[in-house]
Amino acid sequence: MKRSLKKILILSVVMILSINYSLCMAAEHKIESKVNTYATAYSGLQYAYSVGSLWKTPHHYNDDFRPNVYNAANKYSQISGISSYYNTEADYTYMRGNNPKGQRRIGSYLFFINGHANPASILSASSDTTQNRTGITVGYDSTVMEDGEFTVAGLQSTNMSGTRLISFVGCSTGAWPSDEFPVNLPTRAVQQGANAALGFREPIESRVGDGPNWLNAFNQALVNGYGIDGANTYACTQYPNTGMSRCSMAEGNIYSTVVPVTRSTSMLQENIENEYKMFTVPKQNINIVIDEKNSDNEKALSECEDKYKEIIEIIRAQDNDFNIDEYKVSSNCVNKENGVSHIYFTKYISDNIRTNKVYLIKTNKNIVNDIIIAGIKKENIKEERKLDRAFIEEKISKFNNEKIETVNNKLECNNVKSIRLLETTENLFEFNDNIEDIEEYYYYDYNTGKLKYIMEYSEKFELSTTDRTQIEIDIE
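Residues numbered from 1 in each chain as written. Predicted model: local features only at pLDDT ≥ 70, side-chain atom pairs only at ≥ 80, totals over all residues. Heavy atoms only, no water.

Caption draft 1: Looking closely at the confidence of the model for the chain. Confidence in the prediction of the chain, expressed as mean pLDDT, is 89, and 89% of residues score 70 or more. Per-residue pLDDT stays below 50 along residues 5-24; that stretch engages in 4 contacts with residues further than four places along the chain or on separate chains. (pLDDT = per-residue confidence, 0-100. Contact = heavy atoms within 4.5 Å.)

Structural data, given as C-alpha cells:
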C-alpha cells in the first residue's frame, strides 16, 4: 500500500511538472524564415530568444511590447545557424529555464527583452499573477515585493559566457552608477561573461514614435553583419530625434558582430553615405570627452560654442547655411571604455520647432571621426531652403487656439488619465505624483513635410520602474 501511494505521489509530481513545462513551452514560438542572410553556419546551432508582453498589471494595463518582440525574433531568424524563438507570455519558470544546449535562456547567444525597467531590473507581465510577473535582475534569482510580487531571473545566477549580445530595451537599463543603483543590467551581464550588452541611460519610448523603427534598424544592421557599435550608429543616423538615439549605450566588445561574417567599417560608412550626407573630417585630432560628468542635455549650441569650436568650424566650412543660433546640442556617451560618444546638433525653427535635420558627431577613443547630417536624407536637404517658415508658424498659431481641447481629447482617447493640460499659463499641466517629467514641442520632418505637436512624459510604476511614452498630433 505504501509503495503504491509512493508511486502515485511520484506520478502526480511528474504530471504537474510536465503540465507546467508544457504550459510554459506552449507560449514559446519558433520563427521559420525563408530568408537566410548567410550560407555559413556556426560551428554549432545557436539560439536567440525575444521576450516581452502585453502588460496586464493595473498600473501598466495594455502597454504592448509584443510588436518589438515579433520584429526582433524575425530579424534574428534570418541568420543562418540560429534558431529564433519568441515568447509574449513568459513566466518565471521560462525565464529561469534552459535552452536545448543546456544554457539558461537569458544566457543564450542572442537575447532580446523589451519591458518596463530601471537600472537593476527589466520586467514582463502578461497577466497579473505571481507566475507571470517576471523579468531579469542584476542580482540573484529572487522574489521581490513592491506593488505586487515579481519573481525574476538573476544575472548573478547565470553563466553568460555563451551570450554574444543581450539587449535590455527598457527605461534607464544602462544608467550611470548611483547610490541607489551601483551597477546596471548591461554592466552586470558583461561581468557574468556576456560578450556585449545593449542598454539605455535614460527613460525611452520604445513602443511609440520612432522607437520601434530604431530597434528594427539596429537589429537589421546586426543581421547585415555590422558590429554592435556600427548598428547603433546606423539606427541613430536614421532616427536621431528619438530618445533611443539620445541615450543608447553598450558594454563589452562593442565592435564584435553577431553573424559569422564581418562587414568592414568602410562598408558601414558607404551604406550611410548612400542615404545621408557625410562631412570630411580633417586629419588633425579633435579631442572631446563625453561621460557622465560632462554630457549635455539639450541646450542652445551658442552657449557651448567654445566646447565645440573645432566641430563648428568644420561644419561652417562645408555648409554655408549653417547658423549656430538655429541649433541646440545634446550628447551621450555610448561606451566610456572606448571613448565612443554621439553629439547631436539639432536644428530648430524659431527656437520652438524641432526638426529632423541633425548633425550627428561620433567620437571613437574620444576623437571625432564622423560628422553626418542625420535624420534628413541627402535627397531632401534641398527642402530645408524651400521651407516657408511663416506658413509653418501660422499653422502653429491656429493650432494653439484650440490646443487645450485638442490635446486633452487626445490624452483621453489614449486613456491617459494622469495628465491634463490647463488653461492657466502659471501651471501648464495637471498631473499625478507618478509623473516624473513632461516635455512638449513642435516637430517638423523635412523628409515628409509633416508638422506635429508632441508631448513626451515619464511615469513611475512597479519596482521603481519607469515608462516613457508620448502622444502625437498632426497639424494640418
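Caption draft 2: Up close: helix H11 (residues 389-401). End to end, H11 covers 19 Å across 13 residues, agreeing with the expected 18 Å (1.5 Å per residue, within 8%). Buried within H11 we find Ile392, Lys395, Ile396 and Phe399. Buried positions in H11, seen along its axis, are confined to an arc of 95 degrees and lie on one side of it. When the buried face of H11 is taken as reference, the exposed residues oriented beyond 90 degrees from it are Ala390, Lys398 and Asn401. (Helix = DSSP H or I, 4+ residues; strand = E, 2+ residues; numbered from the N terminus. Expected span 1.5 Å × (residues − 1). Buried < 20%, exposed > 50% of the residue type's maximum accessible area, 1.4 Å probe, protein only. Arc of directions from axis to C-beta.)

Caption draft 3: Quick look at the pattern of salt bridges. According to the stated counting rule, one finds 29 salt bridges in the structure shown. Lys357 is paired through a salt bridge with Asp319; the nearest N and O atoms lie 3.3 Å apart. A residue pair is termed long-range when its members are at least 10 positions apart, and Lys357 in strand E17 (residues 353-364) and Asp319 in the loop between helix H9 (309-318) and strand E15 (327-335) qualify at 38 residues. Like Asp319, Lys357 is buried. Two residues, Glu326 and Lys347, come together in a salt bridge whose shortest N-O distance is 3.8 Å. With Glu326 in the loop between H9 and E15 and Lys347 in strand E16 (residues 340-349), this residue pair connects regions lying 21 residues apart in the sequence. Accessibility assignment for this pair places Glu326 and Lys347 in one class, buried. Overlapping salt bridges bring together Arg246, Glu298, Arg354, Asp437, Glu439, Glu456 and Arg468 as one network. (Salt bridge = Lys/Arg side-chain N within 4 Å of Asp/Glu carboxyl O.)

Caption draft 4: Geometry of the pairing of E15. Buried residues dominate E15, accounting for 8 of its 9 residues. Relative to E15, strand E14 (residues 299-300) runs antiparallel, the two sharing 2 bridges. Its bridge partner lying in E15, Lys299 is registered against Val329. Where E15 folds back on E16, the antiparallel hairpin that results is connected by 4 residues, among which Gly339 adopts a positive phi of roughly 60 degrees. (Pairing = 2+ DSSP bridges.)

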